[in-house]
Amino acid sequence: MPHQSREADLAAAFVDLADGPLGDGYDVIAFLHTLTEHCVRLLEVASAAVLLAAPQGGVLEVAASDETSRALQSSRVTADEGPGHDCHRTGRAIPDVPLRHPHARAIWPRFGRAARVLGYTSVAAVPLRPRKEVIGALVLLNTQPTPVDPDRVRLAQALADTAAISILQQRTLHDSTRLAAQLQTALSSRVIIEQAKGVLAERRGLNVQDAFEQMRTYARYHRRRLTDVAQEVIDSVSSTPVALDQAPRPGRP
């Protein structure tokens, strides 16, 4: 990417993330998907995923740049294991780790094995950490023989910090009850969106990634919450289907 073009793209990404998920028609899940897409494009990694802290403890995957990384992070095989979980627990970034390295095999035996089968060669993670409060982690997955260099990991941290501050920007920083409620809403929304993806994919003969993109494009075009659109798709099983074609295709204005 040319130098000036990359600078403009970086500036646009930070402005996008600074606007936050609280504007009209947007929600936390859609916002975190936007974060993963910025990471894939700007950091030149294969995939990115976001894990959020669950109010009852632990972390759960809530957003991913593609279905492959989403399946990896949410698999029962890799539950409670992997760089995202470690990053959330310690609050410290994890630099690029080759998945075939003995250290990775030792600390993430199930995650590493599953990731290698999917073609990933290395992984890094940074915390979602507004100030000192860690609310999740951003995981970067690489398929290239060259590692994710420290500069890209630092940029990932800057993107994650901006996103985390935006998520909490209209909340009282020390109001843990409201934060827990927000995270629970995000996790509940994830369930609704996953159900809607399955319904739409079966109804239209799509893969689940394309089904998600149709819902997301429709929500953005009509400035509606992605979760609300997903709920309508689920509810429409026994009623009139949602007219998701009433929006431009991805990539069109």
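Nothing here was measured: the structure is a model prediction, and the numbers come from that model.

Here is what the cut-offs are and how they apply
Residues numbered from 1 in each chain as written. Predicted model: local features only at pLDDT ≥ 70, side-chain atom pairs only at ≥ 80, totals over all residues. Heavy atoms only, no water. Helix = DSSP H or I, 4+ residues; strand = E, 2+ residues; numbered from the N terminus. Contact = heavy atoms within 4.5 Å. Areas by Shrake-Rupley, 256 points an atom, 1.4 Å probe, with all protein chains shown as cover. Salt bridge = Lys/Arg side-chain N within 4 Å of Asp/Glu carboxyl O. Buried < 20%, exposed > 50% of the residue type's maximum accessible area, 1.4 Å probe, protein only. Pairing = 2+ DSSP bridges. Axes fitted to C-alpha atoms, helices over the stretch in contact; angles between N-to-C directions. 1 Å grid on protein atoms, 1.4 Å probe; cavity = no way out; pocket = protein on both sides within 12 Å on 5 of 7 lines; lining within 4 Å. Points joined across faces, edges and corners; volume = space filled by probe spheres on them. pLDDT = per-residue confidence, 0-100. Nonpolar A, V, L, I, M, F, W, Y, C, P; charged D, E, K, R; others polar. Expected span 1.5 Å × (residues − 1). Polar contact = N/O pair within 3.5 Å; in protein donor to acceptor, adjacent residues only side chain to side chain.

1. Quick word on the overall build of the protein
1) Next: Within the protein one finds 10 helices and 5 strands.
2) Next: Within the protein, counting contacts between residues at least 6 apart in sequence, those at least 24 apart form 66% of the total.
3) Next: Of the roughly 12300 Å² that the protein leaves accessible, carbon and sulfur atoms contribute 53%.

2. Side note on the pattern of salt bridges
1) Next: Taken as a whole, this structure holds 12 salt bridges when the rule is applied.
2) Next: We note a salt bridge from arginine 41 to aspartate 9, for which the minimum N-O separation is 2.8 Å. Within this pair, whereas arginine 41 is found in helix H2 (residues 28-43), its partner aspartate 9 is found in helix H1 (residues 3-19), the two being separated by 32 residues in sequence.
3) Next: The class for arginine 41 is partly exposed, based on a relative accessible area of 35%.
4) Next: For aspartate 9, a relative accessible area of 18% puts it in the buried group.
5) Next: Linking glutamate 37 and arginine 216 is a salt bridge whose minimum nitrogen-to-oxygen distance equals 2.4 Å. Pair noted here: glutamate 37 is in helix H2 and arginine 216 is in helix H9 (residues 208-221), with a separation of 179 residues, a long-range link.
6) Next: For glutamate 37, a relative accessible area of 27% translates into the label partly exposed.

3. Some points on the side chain of glutamine 73
1) Next: One can find glutamine 73 in helix H3 (residues 67-74).
2) Next: Using a relative accessible area of 8% as the deciding quantity, one classes glutamine 73 as buried.

4. A few points about the sheet that holds strand E2 (residues 59-64)
1) Next: The strand order across the open sheet formed by 5 strands is E2-E1-E5-E4-E3, and the pairing between neighbours is antiparallel. If you trace the sheet from one side to the other, it starts and ends with E2 and strand E3 (94-98), each paired once. Neighbouring strand axes in the sheet, compared pairwise and without regard to direction, differ in orientation by 25° on average.
2) Next: Across 7 bridges, strand E4 (residues 122-128) lies against strand E5 (residues 136-142) in antiparallel orientation. The residue of E5 that forms the bridge with valine 123 is leucine 141.

5. Topic: the layout of surface pockets
In this approach a probe as big as a water molecule rolls over the atoms, and the regions it shows empty are the leftover space.
1) Next: Here the largest pocket is characterised by a volume of approximately 290 Å³.
2) Next: Taken together, 14 residues form the lining of the largest pocket, with Val59, Leu60, Glu61, Ser74 and Arg190 sitting closest to its centre.
3) Next: Elements that contribute at least two residues to the lining of the largest pocket include exactly E2, H3 and helix H8 (176-204).
4) Next: A per-element tally of the lining of the largest pocket places H8 first, with 4 residues.

6. Remarks on the pairing of E2
1) Next: Most of E2 is tucked away: 5 of the 6 residues are buried.
2) Next: Across 5 bridges, the pairing between strand E1 (residues 47-53) and E2 is antiparallel. Bridging across to E2, leucine 51 finds its partner in glutamate 61.

7. Concerning the confidence of the model for the protein
1) Next: A residue-level look at the protein finds 81% of positions with pLDDT of 70 or above and a mean pLDDT of 82.
2) Next: Across residues 247-253 the pLDDT falls below 50, and counting only partners more than four positions away or on other chains, this stretch makes 9 contacts in the model.

8. Here we look at empty space enclosed by the protein
1) Next: Considering all chains together, one arrives at 3 cavities of 30 Å³ or more under this definition.
2) Next: For the second largest cavity, the calculated volume is near 50 Å³.
3) Next: Among the elements of the structure, E2, H3, H8 and H9 are those that each provide at least two residues to the lining of the second largest cavity.
4) Next: Broken down by class, the residue content of the lining of the second largest cavity amounts to 2 nonpolar, 2 polar and 6 charged.

9. What to know about helix H7 (residues 150-168)
1) Next: Here H7 contains 19 residues, and its C-alpha end-to-end distance of 27 Å stays within 8% of the 27 Å for a straight helix at 1.5 Å per residue.
2) Next: At the N-terminal boundary of H7, the capping side chain belongs to aspartate 149, with an oxygen 3.1 Å from the backbone nitrogen of aspartate 151.

10. Section: the side chain of arginine 70
1) Next: Its place among the elements puts arginine 70 in helix H3.
2) Next: Given the relative accessible area of 16%, arginine 70 is considered buried.

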